[in-house]
Amino acid sequence: MTPSKTISVITAVHAPGAHHLPDAYKSLLAQELPAGWDWQWVVQEDGQTDEVAPYVPDDGRVSFGQGRAGRAAMARTLGLARARGEIVKVLDADDQLPPGTLARDVEALERRPDVGWTTSRVLDLLPDGSTVGFEGDPPAGELARGSVLDYWRTHDFRASVHPATLAVRRELLLAVGGWMALPASEDTGLLLALSAVSAGWFNAETGLLYRKWPGQVTSDATHADPTEREARMAVIAERAAALAATGWTYSPAVGV
């Protein structure tokens, strides 16, 4: 049967991380989706160099683009213009999806039309190939509207689920304005905006191998600069509060 529905996986990449793309692609090839579904991989370079394209596979399901450098939020947003899926999934260039991840995302959103987004358990992938888990995961199942936002507010601006595992209905992604125009935490800003207006879902099975390596953006000292972090958290909180105050609750225009 020819697939009629698509989950678009969007990957922002800059030149220093391009060598990890083949591993990300292998993890996509290992995905098995429900009948009638296929995946699309939208790879968007944050910049216009000659260093990323050689790592992009020759596959009809892969769309590669470039644009002016502006960090991950801008790259993902430019890539969104080529994403044709009803569901949008994020995958950082240096991370990998364990088998079954995309199927669980699709099945949760098909089963629960009132749920707008999903997240999953994460394992850190260390340089020696070992993995380390996080013991503070919420119970599997529904994440009530506002619950992730409330947790973040009361736990030193750390969310109860990982934004790098996000899958979201495209219409909802657009409705809340997408990734925030920030130098970091742009994905956290999106996650909390989604929590402010919609219930989510948490898959307890591992849905991401989060690579730890010296070149990752979050390992840079500027990421932890207290003045910038305070500014990021302030605007993220204000956006989420403003959305919550509207009283709008997401309901899908069409099912997936």
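Because the structure is a prediction, the values reported are computed rather than measured. (Residues numbered from 1 in each chain as written. Predicted model: local features only at pLDDT ≥ 70, side-chain atom pairs only at ≥ 80, totals over all residues. Heavy atoms only, no water.)

Asker: Please clarify how the nonpolar core should be interpreted in this entry.
Answerer: The nonpolar side chains of a soluble globular protein tend to be buried, and buried together. In terms of nonpolar packing, the biggest core is built from 34 residues, with Trp 117, Leu 166, Val 168, Leu 172, Val 176, Trp 179 and Leu 194 touching the most fellow members. Within the residue set of this core, elements represented by two or more residues are α2 (72-80), β4 (87-90), α4 (147-154), α5 (170-175), α6 (186-197) and α7 (226-245). Broken down by element, the residue count for this core peaks at seven residues, all from α6. In this structure Leu 172 touches Gly 116, Trp 117, Leu 194, Val 197, Ser 198, Trp 248 and Tyr 250, once residues within four positions along its chain are discounted. One finds Ala 24, Val 43, Val 106 and Val 115 within the second-largest nonpolar core, a separate group that totals 31 residues. (Core = buried A, V, L, I, M, F, W, Y, C linked by side-chain atoms within 4.5 Å. Buried < 20%, exposed > 50% of the residue type's maximum accessible area, 1.4 Å probe, protein only. Helix = DSSP H or I, 4+ residues; strand = E, 2+ residues; numbered from the N terminus. Contact = heavy atoms within 4.5 Å.)

Asker: Got a minute to help me understand the packing of aromatic side chains in this structure?
Answerer: Pairs of aromatic rings are described using the distance from one ring centre to the other and the angle between the two planes. Overall, the coordinates contain three aromatic pairs when judged by the stated rule. An angle of 50° between the planes, with centres 4.9 Å apart, marks the rings of Trp 152 and Phe 157 as tilted. For Trp 152, a relative accessible area of 0% gives the class buried. Consider the rings of Trp 248 and Tyr 250, whose centres lie 6.4 Å apart with planes at 85°: the pair is edge-to-face. Accessibility expressed as a relative area gives 36% for Trp 248, which makes it partly exposed. On the basis of relative accessibility, which here comes to 6%, the residue Tyr 250 falls in the buried class. In this arrangement the basic side chain of Arg 111 is found over the ring face of Trp 201, its NZ or CZ atom lying 5.2 Å from the centre. (Phe/Tyr/Trp six-rings, centres within 6.5 Å; stacked < 30°, edge-to-face > 60°. Lys NZ or Arg CZ within 6 Å of the ring centre and 35° of its normal.)

Asker: Any chance you could explain α7 here in plain terms?
Answerer: Given 3.6 residues to a turn, an α-helix orients residues that are three or four positions apart in the same direction. Helix length check: α7 (20 residues) gives 28 Å between terminal C-alpha atoms against 28 Å at 1.5 Å per residue, within 8%. Within α7 the residues assigned to the buried category are Arg 232, Met 233, Ile 236, Arg 239, Ala 240 and Leu 243. One face of α7 carries all of its buried residues, which in axial projection span an arc of 130°. Residues of α7 that are exposed and point over 90 degrees away from its buried face: Pro 226, Thr 227, Glu 230, Glu 238 and Ala 245. Looking at the buried residues of α7, the elements they touch are α4 and α6. Of the residues flanking the start of α7, the one acting as N-cap is Asp 225, its side-chain oxygen 3.3 Å from the backbone nitrogen of Thr 227. (Expected span 1.5 Å × (residues − 1). Arc of directions from axis to C-beta. Polar contact = N/O pair within 3.5 Å; in protein donor to acceptor, adjacent residues only side chain to side chain.)

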